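# Fold and contact review
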Amino acid sequence: LGADITAYSLARSFHEEYGIKSLVLSMAKAAIIANSEIIENRVYENFDKREVLIERLIEVGKEFEGKKKLIVLGCGDWYVRALIENKAVLSPYYIVPYIDEELLNRIVLKDKFYEICEELGIDYPKTYVYNCGEENDLKFDFEYPVIAKPANSAMYHYAKFEGKKKVFRFKDEKSLREMLDKLEKTSYNYKFLIQDCIPGDDTNMRVLTCYCDHNSKVKFASLGRTLLEDHTPTAIGNPVAIINEVNPEIVATATKFLEHIGYVGFANFDIKYDSRDGKFKFFEINVRLGRSNFYVTGSGFNTVKWIVDDFIYGKTDEYTVADRENLFTVVPKGVIMKYVPDGDFKEQAKRLYKEGRVSYPLKYKADKNLIRKIYINLALLNQFRKFKKYF
């Protein structure tokens, strides 16, 4: 569900592993999946409305009933919440490989996530919780600059105001209050988090992907060090270049969290190293595979195989930690060489290019359509313009 790079990455993973086409349902046509030979795209009017989404899903479910086993995957927080909240009506037609609604509401709200971290002794950034619709003194025990972001990403999706960003960075209280005043006039009525700004560039970020089986046991973990993030306002913080690495300490911490709450399916964590105290701070958990999920498949550990083995074949896979070095990127080599700071990480990237251990999710040899190839190459070149403007 959803026609973005997440959808294409998952479709490619299914095609690589099983040689099958994926059906992508979306609310609009998107060039990123257009003309693909591994995807059938169906575009539905008003697909962004909950009742229409469920109605169309049931129609598709009935179309394939008795012919194929269908797995449904959401490529956005809104889609995943809709799937989870409607599991009862969808499960006769689909495998819905996500947690239940009660657990979703415990962990997807970032303020609740931090409460569990506190309980388990897991490090996270110092946080002030701003309550929309109430008086807030904005007094906290850390200094400016601060980071500000919604506690409820799915609700924030519908908030519309001038200067809206996925994540904000403010140098003083005046600019923070100006944004919050605009926010108060929107449909968003939950909490907004004001956080200590952990110093360091993009290379201090980590992304961790874990898979938990039906018994809520972590069976797979893949850690990546971010080399470079997207800096456009609507996509800020999304990794655009990742190198796989191994860190037992981070994986053990995430395992403690996931097994404590009884998690099932894929989970994705955003983490940052804090040089001030030498600790890794957990930012949030995503209850789905994220935009950069192909950093896992590209390193030789196909993400969708874990879902299929668990939900289709009922296999109990051995515990696996991804340990193959690989560079995942959605930007050209020239962008990495220009914007990644000089040092070990840039040299590591150069070496991986030389060794041919690089994966670009949208460039797939089996997807041979010429128009598509031209679009992907133009999109790559456009990254130079974007980074020049926003970095």
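In the block above lies the structure referred to throughout.
A quick note: this is a predicted structure, and the numbers were derived from the prediction, not measured.

### Some points on unusual backbone geometry
Of the consecutive residues Tyr144 and Pro145, the connecting peptide bond is found in the cis state with omega at 5 degrees. The residue Pro145 is located in the loop between β5 (127-131) and β6 (146-150) in this model. Unlike most non-glycine residues, Asn46 shows phi in positive territory, near 60 degrees. As for its position among the elements, Asn46 is in the loop between β2 (39-43) and α2 (50-64).

### Concerning the environment of Lys21
You can see Lys21 is positioned in the loop between α1 (5-18) and β1 (22-26). Relative accessible area serves as the criterion here: at 53%, Lys21 is assigned to the exposed category. The sequence separation of Lys21 and Asn41 amounts to 20 residues, and the corresponding C-alpha distance is 10 Å.

### Here's the deal with a nonpolar patch on the surface
A cluster of nonpolar side chains, contributed by Leu370, Ile374, Leu378, Leu381 and Phe384, occupies part of the molecular surface with about 510 Å² of accessible area. Along the chain, Leu381 turns up in helix α14 (residues 370-390).

### What about the side chain of Asn326?
Following the sequence through the fold, Asn326 ends up in the loop between β14 (320-321) and β15 (327-329). We classify Asn326 as buried; its relative accessible area is 5%. At 3.0 Å, the side chain of Asn326 forms a polar contact with the side chain of Ser359. If near-sequence neighbours (up to four positions away) are discounted, Asn326 is found in contact with Ile242, Ile243, Asn244, Gly298, Ser299, Leu352, Arg357, Val358 and Ser359.

### Side note on the layout of surface pockets
Computed from the structure, the second largest pocket encloses a volume of approximately 840 Å³. Along the walls of the second largest pocket sit 27 residues, with Lys21, Ser22, Leu23, Leu70 and Ile71 positioned nearest its centre. Per-element tally for the lining of the second largest pocket: the top contributor is α1, with 5 residues. In terms of residue class, the lining of the second largest pocket is made up of 22 nonpolar, 1 polar and 4 charged.

What counts and how
Residues numbered from 1 in each chain as written. Predicted model: local features only at pLDDT ≥ 70, side-chain atom pairs only at ≥ 80, totals over all residues. Heavy atoms only, no water. Helix = DSSP H or I, 4+ residues; strand = E, 2+ residues; numbered from the N terminus. Buried < 20%, exposed > 50% of the residue type's maximum accessible area, 1.4 Å probe, protein only. Patch = residues over 30% accessible without salt bridge, like charges linked within 9 Å, V, L, I, M, F, W, Y side chains within 5 Å. Areas by Shrake-Rupley, 256 points an atom, 1.4 Å probe, with all protein chains shown as cover. Salt bridge = Lys/Arg side-chain N within 4 Å of Asp/Glu carboxyl O. Polar contact = N/O pair within 3.5 Å; in protein donor to acceptor, adjacent residues only side chain to side chain. Contact = heavy atoms within 4.5 Å. 1 Å grid on protein atoms, 1.4 Å probe; cavity = no way out; pocket = protein on both sides within 12 Å on 5 of 7 lines; lining within 4 Å. Points joined across faces, edges and corners; volume = space filled by probe spheres on them. Nonpolar A, V, L, I, M, F, W, Y, C, P; charged D, E, K, R; others polar.

In short, shape yes, function no, at least from these values alone.
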